[in-house]
Structure formats: structure tokens, C-alpha cells
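The residues making up each chain are set out below.
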Amino acid sequence: MVYLDYAATTPILPEVREAMRLAEERFFANASALHTPGHLAMNEVERCRETLAEMIGAEPSEIIFTSGSTEGNNTIMRTFEGYMIETSPLEHHSILMAAAEYGGTKTPKLYSYMLANNETGDIIDLHKITEVAQQQSADENSEIFLAKDDFGRDLVAVRKGGYIHSDLTQALGKIPINVNKLGLDYATFSAHKIGGPVGVGALYVRKGVPFRALLLGGNQEQKRRGGTYNTVGICGFRAALETIKKQNSTKIYNTKVRKLRDTLAQQILARIPGSSLNTDLGKGKALPNILNVSFRAAEGESIQLYLDAEGVIVSTGSACAAGDTKPSHVLMAKTGDAEVAHSSIRFSFGLDSTMDDVKAVMKVLPGIVERLQKISTIS
Ligand code: PMP
């Protein structure tokens, strides 16, 4: 199998599997319990908290464990229930739906912009947004339009006292992240995008900013997230963080993985008529591991199924929207063209992807697209 759907979920790293196996044996006790096995389990939870905090430039007390990014995003949106929530149409549905549910009219406002998009890999210049916001925040009453996004729209207007959240689910491990340099008040992470297990993630919540627990119950996470600790999952999360740190993952993504992505893009453009890129290959424009391509007069879902039959695993739009026949909301927002959105495929690479994966795609993809284009009624 040629697996090129890392942006949906990554295979579990061997180091993670081993860490979780050990944790199942040794750290099964309830981490909140006051007995020795409980303390040992809690010790592992705290080690992961420190590892993540160090990696993103936060304090350990600013990290809250969650079940993943859907929970993390919902928690922050709900914290601002009744307040203005500003997002971009490119956000993940866990932001868009929660913002629609909870957003209101009161200020201060919450701004939520992902650093890197899960469908196209597009990177938004959060640095610029927050820097300008901080510089100009002296003028309390002025609404400040700070930057244009890649599509020429006004990206963010930050008013003094506004809070900034970013969904960093796809960015973690791919590009360097420092929550202070990015000027963030909140950030969302998920373990299964970096070689860890599904069902565990974390929130960064800057000291002193508003926070409202989504899950009420126990006193876990200083009453910020009730529920028995998923110690085994958290140990897996830590092993994934340690592994990508040791491997210097951001560098590998920026060199080896970028080359794979660029090679695939060039070969597709050269060999497949009607293909066009939805990902900007320029440095700093998009994550180096995601390539979104549209194939004129060929349906994305059909391409995906034919590729699957050949053992090549990719996705159309985002996995969360699979089974949904509507075109990708991200590509619709970006291009405004339903055909481009309907005919798109996302290839997403991981640290262990190879040039053989690219070759395997190119062996079958041109024929598949050609066959579909021939039977298409769209000219
Ligand atoms: N945000 C983004 C940008 C994502 O890519 C995903 C995963 N598709 C999520 C949120 C949801 O994450 P999780 O699966 O951990 O709930």
C-alpha cells in the first residue's frame, strides 16, 4: 500500500506503540488517585505536558489535555459563547460549526485562524497578524485591518482586548511553532497527526485568559477538563512529540518531504492534461507535505476510488467531510469554482514517505484520470 493520507491521520510510530504498550502495563492506574500507581501515572502525564510546553514555548500549566482537536476547538469556541467570533471560511468544521453555534455579539472578540490548512496546506501569516495587532492595540477604539490573506481578503481586524486562537493541528511538527512569537492566546493540537494515537490532544491556554471547561465533572486538569486521564494515550502523545523532536521533523519536512511533494506536483502537471494545483509550492506558502490538485473533467471521488483499487491511498477534501457530496468548503472559498472543488485530490506525505511512493502514484494516476476524462460529460 502507498499511503498518502497523512493529513487525515498518520500511522502510529513504532516508538509510540512501544511507549503505549509499556504504559498499559505500568501506568494503568487512575492518574488522579493518591496511591503510588496513581502517582506514577500522573508523573507520565506531567512529562508529556512538559514536553509539549517546551516544544511550543509555553508553560506546562498552560497545557490542558483533551481528546483531540475537535474537542479543543469546541472548548475555545464555547468559552466565547455570546461573544463575537471571527474566523475564516477556510477553517475546519470543528471551528466553523462551533463558532456558528456559540458566536454572539458581545466584545471582546475571539479571532480564530488556523496557521496551516488541512486540505490545501496553505499557511496564513499569523505572525504578521498578531504583531501588527500588538503594535496598534494602543488605539482602543479603532478596528484595525491587519493583513490580506492569500486570496486578497482582509484577514483579521483585531480590536484591543480581542483574543487570538489558532488551530495548529496540521502545523505541529511540520513548521516551527512558538505560541509567544505567534502572539496566541489559545492553540489546538492533536496527537494522531504526528504519529501518535487517535483520541488524545491538547489545548494551549495562555495564563490569565478566559476559559470555560467543556467537560464538567472531576477536578482533573485543575477543573479545566473533567474525565479520567487517558494516560496510555498521553504517553503515546509524548513518545510522538519526542520522536519528531529527535528526528528534527521540521527540517525533514522542509527538505526531503518538500522534494517529494514538488516532484509529484511537477510530474502531474507535466503528464496529466487538465491538472492544476490548489497548493502554492512557494516556500512559506503552504505546508511542505500537502499537495492538493484538481483534474478537469474527472471527479475527485472517482479518482480516489480507482487509486484505492491500485493500493494508493489519498483523499478528496477532508476525511471529516467524506460521504458529504458537497464540494470542499475550503476549495469553494479559495477558488469559488465548484468544478475545481469536485475534481480535487489531496496527497499528503509523512516523514517516512519516499520517492517510490511518488513513482507508484505516477504509474497509475495518468491512466485513471484519462479514463475518467474520456467518459466525462463535462468538457
Ligand atoms: N482541525 C484540523 C485542522 C484538522 O485537520 C483536524 C483533523 N481532521 C481537526 C481539527 C480535528 O482533529 P481531531 O481528529 O483530533 O478531532
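Conventions used here
Residues numbered from 1 in each chain as written. Predicted model: local features only at pLDDT ≥ 70, side-chain atom pairs only at ≥ 80, totals over all residues. Heavy atoms only, no water. Phe/Tyr/Trp six-rings, centres within 6.5 Å; stacked < 30°, edge-to-face > 60°. Buried < 20%, exposed > 50% of the residue type's maximum accessible area, 1.4 Å probe, protein only. Helix = DSSP H or I, 4+ residues; strand = E, 2+ residues; numbered from the N terminus. Near = heavy atom within 4 Å. Polar contact = N/O pair within 3.5 Å; in protein donor to acceptor, adjacent residues only side chain to side chain. Areas by Shrake-Rupley, 256 points an atom, 1.4 Å probe, with all protein chains shown as cover. Core = buried A, V, L, I, M, F, W, Y, C linked by side-chain atoms within 4.5 Å. Contact = heavy atoms within 4.5 Å. pLDDT = per-residue confidence, 0-100. Pairing = 2+ DSSP bridges. Right-handed = clockwise from strand over helix to strand, strands pointing away. Salt bridge = Lys/Arg side-chain N within 4 Å of Asp/Glu carboxyl O.

How should the packing of aromatic side chains be read in this particular structure?
Describing an aromatic ring pair means giving the distance of the ring centres and the angle of the ring planes. According to the stated counting rule, one finds 5 aromatic pairs in the structure shown. Seen in terms of ring centroids, Y3 and Y6 are 5.3 Å apart; in terms of plane orientation they differ by 65°. Their pairing is edge-to-face. Overall, the relative accessible area of 11% leaves Y6 in the buried class. On the numbers, 5.8 Å between centres and 90° between planes, the contact of F80 with Y186 is edge-to-face. One end of the pair, F80, is in the loop between α3 (69-79) and β3 (83-87); the other, Y186, is in strand β8 (residues 186-190), and 106 residues separate them in sequence. Of the aromatic side chains, those joined through ring pairs into one cluster are F80, Y83, Y163 and Y186.

Looking at this structure, I do not really get the site of the ligand. What am I missing?
Near the ligand you find 15 residues, and of these T70, D167, Q170, S190 and K193 are the closest. At 2.9 Å, a backbone N or O of S69 approaches an oxygen atom of the ligand. Here an oxygen atom of the ligand and a side-chain polar atom of T70 are 2.6 Å apart. Across the complex, the protein chains shield 87% of the 400 Å² of accessible surface that the ligand would expose by itself.

Where do I start with the nonpolar core in this structure?
Within soluble globular proteins, side chains that are nonpolar generally end up buried alongside one another. Counting 79 residues, the largest nonpolar core has I56, F237, I268, F295, I303, F347 and L365 as the members making the most contacts within it. Those residues within four positions of L365 in sequence are excluded, and the remaining contacts are I268, I272, F295, I303, L307 and F347. Counting 15 residues, the second-largest nonpolar core is a separate cluster that includes I76, A98, A99 and L110.

Any chance you could explain the confidence of the model for the protein chain here in plain terms?
Interpretation of this model should avoid reading the predicted coordinates in detail wherever pLDDT is low. Here the protein chain averages 91 in pLDDT, and 88% of its residues register 70 or above. Note that pLDDT drops below 50 for residues 136-151; the model gives that stretch 36 contacts with residues more than four away or on any other chain.

I keep staring at the pairing of β3 and nothing clicks. Help me out?
Along any regular strand, the residues point their side chains to alternate faces of the sheet. Examined bridge by bridge, β3 and strand β4 (residues 106-112) share 4 bridges and lie parallel to one another. Each bridged residue has a counterpart across the sheet, and for E86 the counterpart in β4 is Y111. Taken together, β3, helix α4 (residues 93-102) and β4 constitute a β-α-β crossover, and its handedness is left-handed.

Is there a simple way to explain the pattern of salt bridges in this structure?
Two side chains with opposite charge may pair up if their charged atoms get near one another. In total, this model carries 16 salt bridges according to the counting rule given. A salt bridge links R49 to E46; the shortest N-O distance between them is 2.8 Å. Here E46 and R49 lie together in helix α2 (residues 36-56), a separation of 3 residues that amounts to about one turn. The partner of R206 in a salt bridge is D185, with the nearest N and O atoms 3.6 Å apart. One end of the pair, R206, is in the loop between β9 (201-205) and α6 (220-223); the other, D185, is in the loop between β7 (163-167) and β8, with 21 residues separating them in the sequence. You can call R206 partly exposed: its relative accessible area is 23%. Looking at D185, the relative accessible area reads 11%, which means it is buried. Salt bridges sharing partners connect three or more residues here, namely E18, R21 and E25.

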